[in-house]
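Observations on chain architecture
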Amino acid sequence: MSAIEVQRRLQQLETMLLIRAYEEQLVVLQRKGAPGTCTSVGQEACAVGVIDALESRDRILTNHRSAAHLIARGADPGRLMAEVLGRSDGYCRGRSGSLHISAAELGVVLTSTIVGGELSMAPGVALAQKMGQGEPGAITAVLFGDGAACEGIFHESVNLAVQWQLPLLFVCENNQWQAFVHRRETMADEAIASWARGHGVETQRVDGNDVDAVFEATTRSVARIRATGQPQFLELVTYRLRGHVEPDDQSYVDAAELAYWQGRDPIHLLREALLASDQVDAAGLEATQTRVERRIAAALAFAEASPWPEAATFTDYVYA
Amino acid sequence: MARMNAETAIHQALRDEMQRDARVLLMGEGVATKHPDLVGDFGAARVRNTPLAEAIIAGSAVGAAASGLRPVVDMLFAPFLAYAMDALVNSAGKLRYLSGGQFQFPMVTLAMTGSGWCVGAQHNHNLEAMFVHAPGLQVVMPSEPADFNGLLKSAIRSDNPTVFFVDIGLLHQEGDVPDDLSQTVPLGCAAVRRTGTDVTLVAYAKTVSVCMQAAEQLQAVGVEAEVIDLRSLKPLDEDAVLASLRKTGRLIVVQEASGVCGIAAEIAALAATRAFGALRAPVARITGPDAPSASSWALEQAAVPQPDEVIRAALGLMRHESAAARRQPSRAALPN
């Protein structure tokens, strides 16, 4: 493994730890009465592997479970947390809360919390790229879950991207849960990628808890899109380790299944791999963890110090 | 002045705007099939036939609009908009606000509606009020070919998403249009189609001509009606309605759509809250029923406001005042 690759994995571990610490901080805030949040604990490798394989010129559409994607893209945890708390320094000036955070400055656009909303808009974003808007050669990545794959718009979106030959990467994080319903109650096994193939798009299905596998698969897909102009489809098989929305006691979750996936925690897997190959030592890991904790503490202080938006501005930004 | 029907006026506006701005594109079920001349002049990339899938047509327009293009989508018939509600209401209408102003959605959604073709309730449903109710959207519903042209151009140039309703019954009616079609008609401006001092008739789309016919007949019996064509339902030209009402003191609102929570109800509320003192009689509404539109010509037409109803209502308002004056005890009769 080259020095660059080792450096990338260390950076990916730190980003995954930052995402985990950020979301765990939100859970704590929740218990103190902050608005509800949908975490992606257990899915950090999907976010980091996919986003790392994209370039700054590319556009990203995400959904209600977006913190990992935003942080992987370089979002400031302080401005994210300010948004969740409804403060004026949030990315959306407190209008979004946790559920629809966009950060156009990072290329994260049109975040929708309507399951499937991101799939409805993504072809248009990619069409604009194809028709010369944005930077040349840029592509769009749309991130959604297995729940969105059960929406009719999933099929309309994939079909249109294929027919119009759009530079669009579909990324389904199959986390096995659709709000409070397990995926096995809603679709046949391995349905998602086969549905996509039925529309004529090339698919890959990989372990979403293995950041290397996600990064490599995404890199292949992105290269194919840039080379051919055709859409690509990626299914990342992963697991939502926490409930649908905090607070959630997960009483509806099968304990053995949860334990199995806790044993496949993507952060744990990456840390063990780095230790086993002597790419990091215990002291290095501890230093990383300390940096992450300091950033989250600073983020929380920033968010809590951020002023509330002026009440008189509550109808600003409705119309252009 | 030239003569032109609404269909041609719309086509001409699309052509002019595509010529004027390379970011304008047309998408929808059959747009390339129906406008081969636009495909020829502007290319297939800008005139796109789509799958028969309204949700993704509208959703793609929203994504494209936020990314630098200015799409016009032809959704064919208004009831099909039900499939596109998420894109229009939740995305185009809300994501500018929810993002703290990071995006704008310069897009126009065309949809036909209204009686005239006997197409039944799943092709004919005047649901404009649903979109007026949705924050972030503009809603337009013209009555004359010149406005179909001028308002469509304004809508395409606007940075806000606009739902543009085309009354089926007006599509093939000719009207005067300026020889020079380079002028636009601003959004949010009503037109006074006829001036009068006794009663204000507020209408839009096909009920404008209903009110004009009624006004002519009212004149014959000595009642001077003022006819206001709203043209834009949102933004609504409240000042034009209030100015006329303050002059006449009587208000009748005429719409083809169902009256429940509709535009006429909004205008009535406007009168009650902003010009109560000017009212010399109760506000009257003449609307379609709370019922789906039938296909049978006889039933379809029975649901549409007619000039006779407007005349009866206007004469009723005139009589109301004299009746009220009779009931009012004279000052001299009051006990000291």
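What you see is a predicted model, and the numbers here were worked out from it, not measured in a lab. (Residues numbered from 1 in each chain as written. Chains lettered and ligands numbered in written order. Predicted model: local features only at pLDDT ≥ 70, side-chain atom pairs only at ≥ 80, totals over all residues.)

Quick look at the overall build of chain A
Scanning chain A from N- to C-terminus turns up 12 helices and 7 strands. The C-alpha radius of gyration computed for chain A amounts to 19 Å, which stays within 12% of the reference 20 Å derived for 320 residues, consistent with globular compactness. Along the first, second and third principal axes, the C-alpha atoms of chain A reach 55 × 50 × 40 Å. Taken over 320 residues, chain A has a buried fraction of 52%. Partitioning the intrachain contacts of chain A with sequence separation of at least 6 by distance along the chain shows that 76% fall at a separation of at least 24. (Helix = DSSP H or I, 4+ residues; strand = E, 2+ residues; numbered from the N terminus. Rg over C-alpha atoms; globule rule 2.2 N^0.38 Å. Buried ≥ 20, exposed ≤ 12 C-beta atoms within 10 Å, placed from the backbone. Contact = placed C-beta atoms within 7 Å.)

A closer look at the interface of chain B and chain A
Taken together, the contact between chain B and chain A spans 33 residues of the former and 33 residues of the latter. Counting residues per element, the side of chain B that touches chain A draws most heavily on helix H4 (residues 54–66) of chain B, which supplies 9 residues. Its residues placed into classes, the side of chain B that touches chain A shows 16 nonpolar, 14 polar and 3 charged. (Nonpolar A, V, L, I, M, F, W, Y, C, P; charged D, E, K, R; others polar.)

With respect to the sheet that holds strand E3 (residues 168–174) of chain A
Residues and elements named next belong to chain A. Within the open sheet, the 5 strands sit side by side as E1-E2-E3-E7-E6. Their pairing is parallel. The open sheet terminates on both sides in strands that have one partner only, identified here as strand E1 (59–61) and strand E6 (202–207). Taken pair by pair, the neighbouring strands of this sheet meet at an average axis angle of 20°, ignoring direction. Relative to strand E7 (residues 232–237), E6 is paired through 6 bridges, and the arrangement is parallel. In the sheet register, Val206 faces E7, and the bridge partner there is Leu236. (Pairing = 2+ DSSP bridges. Axes fitted to C-alpha atoms, helices over the stretch in contact; angles between N-to-C directions.)

Overview of the domain arrangement of chain B
How big an interface is tends to be expressed through the accessible area that disappears when the partners come together. Residue and element names in this part refer to chain B. Taken domain by domain, chain B consists of domain 1 (2–177) and domain 2 (191–325). The C-alpha-based centres of domain 1 and domain 2 are spaced at 27 Å. Taken together, the elements giving at least two residues each to the side of domain 1 that touches domain 2 come down to helix H7 (128–132), strand E6 (138–140) and helix H8 (145–157). Looking at the side of domain 1 that touches domain 2 residue by residue, the classes come out as 12 nonpolar, 9 polar and 3 charged. (Domains from an automatic or database assignment.)

Points about the packing of helix H7 (residues 152–163) of chain A against H4(B)
Their axes nearest at 9 Å, the elements H7(A) and H4(B) cross at an angle of 65°. As for the relative orientation of H7(A) and H4(B), their crossing is right-handed in sense. Only Ala55(B), Ile56(B), Gly59(B) and Ser60(B) of H4(B) make contact with H7(A), whose side of the interface consists of Ile153(A), Glu156(A), Ser157(A) and Leu160(A). Grouping the amino acids of the contact of H7(A) with H4(B) by side-chain chemistry returns 4 nonpolar, 3 polar and 1 charged. (Left-handed = near helix turned anticlockwise from the far one by under 90°.)

Looking at helix H5 (residues 85–92) of chain B
H5(B) sits mainly inside the fold: 7 of its 8 residues count as buried. Those residues of H5(B) lying buried are Asp86(B), Ala87(B), Leu88(B), Val89(B), Asn90(B), Ser91(B) and Ala92(B). Where H5(B) is buried, its residues contact helix H5 (117–130) of chain A together with H4, helix H6 (95–98), strand E5 (108–113) and strand E7 (162–167) of chain B.

A word on the nonpolar core
All names here are of chain B. Leu201, Ile252, Val310 and Ala314 are the most contacted members of the largest nonpolar core, which totals 193 residues. Broken down by element, this core gets its largest block of residues, 9 residues, from H4. Summarising the domain contributions, this core has at least three residues from each of domain 1 (2–177) and domain 2 (191–325). (Core = buried A, V, L, I, M, F, W, Y, C linked by C-beta atoms within 7 Å.)

A closer look at helix H11 (residues 263–274) of chain B
Residue and element names in this part refer to chain B. The end-to-end C-alpha separation of H11 is 16 Å, in line with the 16 Å expected for 12 residues at 1.5 Å each. The set of residues buried in H11 consists of Ile263, Ala264, Ile267, Ala268 and Ala271. Around the axis of H11, the buried residues are gathered within 140° of arc, so they sit on the same side. Exposed residues on H11 whose side chains face more than 90 degrees from its buried face are Ala269 and Thr273. (Expected span 1.5 Å × (residues − 1). Arc of directions from axis to C-beta.)

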